[in-house]
Amino acid sequence: MKKTSTGSFVSTSVAGESITAFVPNPLPPRFASGALASLAEPLRAAEAALARLDLAGSLIPSLDWFIYAFVRKEALLSSEIEGTQATLVDVLTFEQTDQVGDSAVDDIEEVTNYVAAVNHAFKQMQAKKGVPISIRLFNDCHGILMRGVRGANKQPGVLRRSQNWVGGSRPGNAVFVPPPPQEVPKLLSDLERYIHADDALAPMLRIGLVHVQFETIHPYLDGNGRLGRMLIALLLKHWQLLENPLLYLSLYLKQNQSTYYRLLSGVRDGKWTDWLQFFLTGVADIASDAAEKARRLHAQVVSDRKVLLGTPGVTVTAIQMFELLPEHPVLTMPLVTKLLATTKPTAGKVIEVLTAAGILVEVGAKKRDRLYRYQRYLALLDDR
Ligand SMILES: Nc1ncnc2c1ncn2[C@@H]1O[C@H](COP(=O)(O)OP(=O)(O)O)[C@@H](O)[C@H]1O
Ligand SMILES: [Mg+2]
């Protein structure tokens, strides 16, 4: 066993091959003198940007719209880091109508599982007797994330019982070999304890530390990246930095994926501040982006509402449907009928008016029910 300032390297063997796995020290690390001072400015910027996003959330009359949209955006991007290929429009279409577009259904399922897992965690955290941030909550969320075909052989909802590795074709040539499986429960319960303990360190920094520690432990056979990124949203709420899951940090992590991975590794060499600097920059960047995006989406709705009111033949039901569009940006005739609890002819008229106003756009998919999208809104949301 070789000890360093960040953990110990232990020998273990996998399939007859002798390898070295890394067991991290419990949090918090001991920072070199001056290290925290160098983070003061990026920390202030990240906290300020988050506070603005939190405030924007509390001022907007229709916060649920943005939660709906931004949680899906984050789910998609975080899954993309993992390699999932689905489009936002296909995910929303599937959720609203069960229709599958060009994306593979397994890819869509991964994203919708992610959304379900985040929603589950937030519900638990908000409930009086809900499960707090803990190994149990991680396991429950992992179980939801790994539901279905692709996750079935990944031991959903349970901590791994075998040695895993990151990068490379086998542990012997891996970029990183996480701790042996028997160390995982203890390491995670230390992490859980750290989350609920007092620490003089700024919560924003603690979140950065917890994310790396989770990735270093790599407690599951798969889904560690996604769960660890989800944990960022949970901790932002836990430490009252952001009430709702509005920060799609995965956009930044995806845009800087190789740096992200390199800095995760760097922490094992004691380079905590490089990682934290990167993390804080991303939080500031994405929080500003999200606040601006919320403003633009809101402005789009306000201007479209005006257009609709001036459209000949506009009806009360058409206006009612319009107000539901941000949470139902993809529609079919049966869905409109159901949402408005109305008849087919009335739903038909609603679609006609909203299309005439240029708000809904009819798109292909002749196989089944025709699809209508709130195109301008979706285009703003999906900015790639
Ligand atoms: N060098 C590294 N050290 C520690 N963690 C890493 C490293 N490189 C990547 N990771 C983390 O591992 C994740 C991939 O692990 P995996 O279990 O496949 O998660 P997921 O299936 O959610 O992508 C990455 O998204 C990243 O968060
Ligand atoms: Mg994976």
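Residues numbered from 1 in each chain as written. Chains lettered and ligands numbered in written order. Predicted model: local features only at pLDDT ≥ 70, side-chain atom pairs only at ≥ 80, totals over all residues.

Focus: the overall build of the chain
Link 1 in the chain: If you tally the helices and strands in the chain, you get 15 helices and six strands.
Link 2 in the chain: Here the C-alpha radius of gyration of the chain, 23 Å, is about what a compact globule of 384 residues would show, namely 21 Å.
Link 3 in the chain: Taken along its principal axes, the extent of the C-alpha atoms in the chain is 75 × 45 × 40 Å.
Link 4 in the chain: By the burial criterion, 40% of the 384 residues in the chain qualify as buried. (Helix = DSSP H or I, 4+ residues; strand = E, 2+ residues; numbered from the N terminus. Rg over C-alpha atoms; globule rule 2.2 N^0.38 Å. Buried ≥ 20, exposed ≤ 12 C-beta atoms within 10 Å, placed from the backbone.)

Some details on the site of ligand 1
Link 1 in the chain: Taken together, 16 residues form the shell around ligand 1, and within it Glu82, Glu215, Asn224, Gly225 and Arg226 come nearest.
Link 2 in the chain: Elements represented by at least two residues in the shell around ligand 1 include exactly helix H2 (63-82), helix H7 (203-217), helix H8 (224-238) and helix H10 (257-266).
Link 3 in the chain: For the shell around ligand 1, the element with the most residues is H8, which contributes four residues.
Link 4 in the chain: Tallied by class, the residues present in the shell around ligand 1 amount to six nonpolar, six polar and four charged. (Near = placed C-beta within 6 Å. Nonpolar A, V, L, I, M, F, W, Y, C, P; charged D, E, K, R; others polar.)

Notes on the pairing of strand S3 (residues 17-24)
Link 1 in the chain: Across eight bridges, strand S2 (residues 7-14) lies against S3 in antiparallel orientation. Bridge pairing in S3 places Ser11 opposite Thr20.
Link 2 in the chain: Remark: two residues form the turn of the hairpin made by S2 and S3, two consecutive strands paired antiparallel; Ala15 in that turn has positive phi of roughly 50°. (Pairing = 2+ DSSP bridges.)

Details of the nonpolar core
Link 1 in the chain: Core analysis: the biggest nonpolar cluster contains 103 residues, and Leu53, Leu247, Val283, Ala287, Ala290 and Leu354 have the highest contact counts within it.
Link 2 in the chain: Top element by residues in this core is helix H11 (residues 272-309). It accounts for 15 residues.
Link 3 in the chain: The two domains that each donate at least three residues to this core are domain 1 (35-293) and domain 2 (310-381).
Link 4 in the chain: Those residues in contact with Leu247 that lie beyond four places of it in its chain are Leu53, Ala233, Leu236, Leu242, Ile286, Ala287 and Ala290. (Core = buried A, V, L, I, M, F, W, Y, C linked by C-beta atoms within 7 Å. Domains from an automatic or database assignment. Contact = placed C-beta atoms within 7 Å.)

Digging into the sheet that holds strand S5 (residues 360-363)
Within a sheet, neighbouring strands are paired by backbone hydrogen bonds and run either parallel or antiparallel to one another.
Link 1 in the chain: Overall, antiparallel pairing links the three strands, which are arranged S4-S6-S5 in an open sheet. At either end of the open sheet lies a strand with only one pairing partner, and these are strand S4 (330-331) and S5.
Link 2 in the chain: Of the pairings in the sheet, the one linking S4 to strand S6 (residues 371-374) comprises two bridges and is antiparallel in character. Within S6, the position partnered with Leu331 by the bridge is Tyr372.

Taken by themselves, the reported measurements are silent on function.
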